[in-house]
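Descriptive analysis of the structure
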Amino acid sequence: MPGTRRTTCATVVALALAGMAASLPAQTNEEFDKIFPFLGQWDPHISSPDGQDRGSCGGYTGDYGEKLVNCTMPVGRLPLNSRAEAWLRYVDQLQSPTQADCAQIAFPAVLGDVLFIAAYPGRLVMEHPSNPWHITRTVWMNGTGPQPLPGELFQHGLSRGRFDGNDLVIETTNFTFDPDGIDDHLHLASSVRKKVTERYQLIDDNNMRLVITLEDPTFLTRPFTYAFVFTKAGSDGPRQGWRNCDAESARREQEYAYPGDKYPDAR
Amino acid sequence: MKLRFLAALVVISAGLVLPARAHHSFNTFFDMSRTIEIEGVVTSFRLVSPHSEMLVDVPDAGGKAVTWRITARTGATNAKREGWKPEDFIGKQVKVEGNPTRRVGGTAMAAGVVTFVDGGRVVCLGGCPGGPPVE
């Protein structure tokens, strides 16, 4: 008799649970559904046979007349204003913080590398692994995240994201001044007025277009837009590494191997 | 057959190497169109990024040691993956083949291939077949 009572009880509980489940709405999360196809590792395939010198820098030359290479964007088409032209005449490789001091390269130049996207409610974590850096940033979605005070600046800025239809759009502002902030091989600076807008568009399950719009009225006459395509490289995390840049060694490379000597008294 | 399998594996592995944003352009610092060889004793080998760094004392015509700075064409992580250990290099007589600095009279190079004079062991520091990816 007690056994029968237990069975009846369990049946009642099971029926009640089944009834509750039927009355619950289907589990949907629009934010998750939208971001899901973007998750994983993406490869821009911007490379060259030996992994170096991915392209020219629009005919620009360096301190000893060398042809600059390995720029991350079509810098020959950048709408430079006269201040930017003056900067390029003034700048030299030996002061480059990315080369001499292990400073991380900036957005948008870093976007030409492998990209890993993970998501949490209200934010994305985007990783940009490359030697000798591994840059990780948080993209605050749909108005979440910190509200910086006026004048609060960050090397990689503050990134805010949203969906525009099915496009993932990220706007980044609040950058510090950066001597290599537009391109670290052209050595064109960016100002605190820099704004980078990334628009990620899925072409299909395995291909994604990234349209980048770069604004910086300090150095550019108008916004500059360029794009490239990523291919999905899987869902695993980025290849991990020991990302400890040795500034002393980096400086010695310049000291012993770079022949440019634009400012001999300041070597 | 085994050789063919290994060759295929190398090709596939090369294809999996992800492009790396280069710290600087090697060709700007080193003359990649020229190859030179030095021979001397390794005095230091640091597995660091952006590029591992080896010092080699090379005797000049008068027998005086001149220090050459060898920049590996890959960083610390790949060096570890390759199993390089500084103690395996330091104190050893080696030949180093690589691309010379563009600085006139400079004693530096990007390497390249290291051959141990005793034993003939060969290590690629990047930029040669079978070596770690260039960074």
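Residues numbered from 1 in each chain as written. Chains lettered and ligands numbered in written order. Predicted model: local features only at pLDDT ≥ 70, side-chain atom pairs only at ≥ 80, totals over all residues.

What to know about the overall build of chain B
- Assigned secondary structure in chain B consists of 4 helices and 6 strands.
- Reading chain B from its N terminus to its C terminus gives the helix and strand order α-α-β-β-β-α-α-β-β-β. (Helix = DSSP H or I, 4+ residues; strand = E, 2+ residues; numbered from the N terminus.)

Some remarks on the overall build of chain A
- Broken down by element type, chain A carries 5 helices and 13 strands.
- When burial is assessed residue by residue, chain A has 33% of its 267 residues classed as buried.
- Once local pairs closer than 6 in sequence are excluded, the contacts in chain A between residues at least 24 apart make up 55%. (Buried ≥ 20, exposed ≤ 12 C-beta atoms within 10 Å, placed from the backbone. Contact = placed C-beta atoms within 7 Å.)

Some points on the sheet that holds strand 8 (residues 167-173) of chain A
Residues and elements named next belong to chain A.
- Spatial strand order, 1-4-5-6-7-8-11-12-13: 9 strands in a closed barrel with mixed pairing. The sheet shows a mean angle of 30° between the axes of neighbouring strands, direction not considered.
- By the bridge criterion, 3 bridges tie strand 1 (residues 40-43) to strand 13 (residues 224-234) in an arrangement that is antiparallel. Its bridge partner being in strand 13, W42 is matched across the sheet by K232. (Pairing = 2+ DSSP bridges. Axes fitted to C-alpha atoms, helices over the stretch in contact; angles between N-to-C directions.)

Quick word on helix 5 (residues 247-257) of chain A
- When helix 5 of chain A is considered as a whole, its buried residues turn out to be S249, A250, E253 and A257 of chain A. End-on, the buried residues of helix 5 of chain A take up no more than an arc of 105°, which puts them together on one face.
- Contact partners of the buried residues in helix 5 of chain A: helix 4 (97-100) of chain A together with helix 2 (26-29), strand 1 (36-46), strand 2 (53-59), strand 3 (65-72) and strand 5 (108-116) of chain B. (Arc of directions from axis to C-beta.)

Section: the confidence of the model for chain B
All names here are of chain B.
- Here chain B averages 84 in pLDDT, while 83% of its residues score no lower than 70.
- The low-confidence segment residues 1-20, where pLDDT is below 50, has 14 contacts with residues more than four positions distant or belonging to other chains.
- Interface confidence in the predicted complex, given as ipTM, is 0.77; pTM for the same model is 0.83. (pLDDT = per-residue confidence, 0-100.)

Focus on the environment of D261 of chain A
- Note that D261 of chain A resides in the segment after helix 5.
- On a C-alpha basis, the gap between D261 of chain A and L94 of chain A in space is 8.3 Å, while along the polypeptide they are 167 residues apart.

Examining the interface of chain A and chain B
- If you look at the interface, chain A gives 36 residues, while chain B gives 36 residues.
- Considering every element that reaches the side of chain A that touches chain B, the biggest residue donor is helix 5 of chain A, with 6 residues.
- Of the residues belonging to the side of chain A that touches chain B, the class tally is 13 nonpolar, 13 polar and 10 charged. (Nonpolar A, V, L, I, M, F, W, Y, C, P; charged D, E, K, R; others polar.)

Observations concerning the pairing of strand 1 of chain B
All names here are of chain B.
- Inspection of the sheet shows strand 1 paired to strand 4 (residues 93-100) by 6 bridges, in the antiparallel sense. Bridge pairing in strand 4 places I36 opposite G98.
- Inspection of the sheet shows strand 1 paired to strand 2 by 5 bridges, in the antiparallel sense. Across the sheet, the residue bridging to S44 is L55, located in strand 2.
- The hairpin formed by strand 1 and strand 2 contains 6 residues between the paired strands.

A short note on unusual backbone geometry
- Cis geometry marks the peptide bond from F107 of chain A to P108 of chain A, where omega comes out at 15°.
- By secondary structure assignment, the location of P108 of chain A is in the loop between helix 4 and strand 4 (115-120).
- G112 of chain B follows A111 of chain B through a cis peptide bond whose omega is 15°.
- When you line up the elements, G112 of chain B lands in strand 5.
- One non-glycine residue, N70 of chain A, lies in positive phi territory at about 75°.
- If you trace the backbone, N70 of chain A turns up in the loop between strand 3 (67-69) and helix 3 (82-90).

Quick notes on the environment of V123 of chain B
- Within the secondary structure, V123 of chain B is located in strand 6 (residues 122-124).
- Linking V123 of chain B and A76 of chain B, residues 47 residues apart in sequence, is a C-alpha distance of 15 Å.

Describing the pairing of strand 5 of chain B
Residues and elements named next belong to chain B.
- Strand 5 sits mainly inside the fold: 7 of its 9 residues count as buried.
- As judged from the 4 bridges shared by strand 3 and strand 5, these two strands associate in the parallel manner. Residue pairing for strand 5: R69 is matched across the bridge by A108.
- Pairing of strand 5 with strand 6 involves 3 bridges; the strand directions are antiparallel. Paired with T115 across the two strands is V122, which belongs to strand 6.
- Between the antiparallel neighbours strand 5 and strand 6 lie 5 residues, among them G119 with a positive phi of about 105°.

So, the environment of G63 of chain B
Residues and elements named next belong to chain B.
- Summarising the element assignment, G63 is placed in the loop between strand 2 and strand 3.
- In this structure G63 comes out as exposed when scored by C-beta crowding, with 6 C-beta atoms within 10 Å.
- Each C-alpha atom, one on G63 and one on G127, is 31 Å from the other, the two residues being 64 residues apart in sequence.

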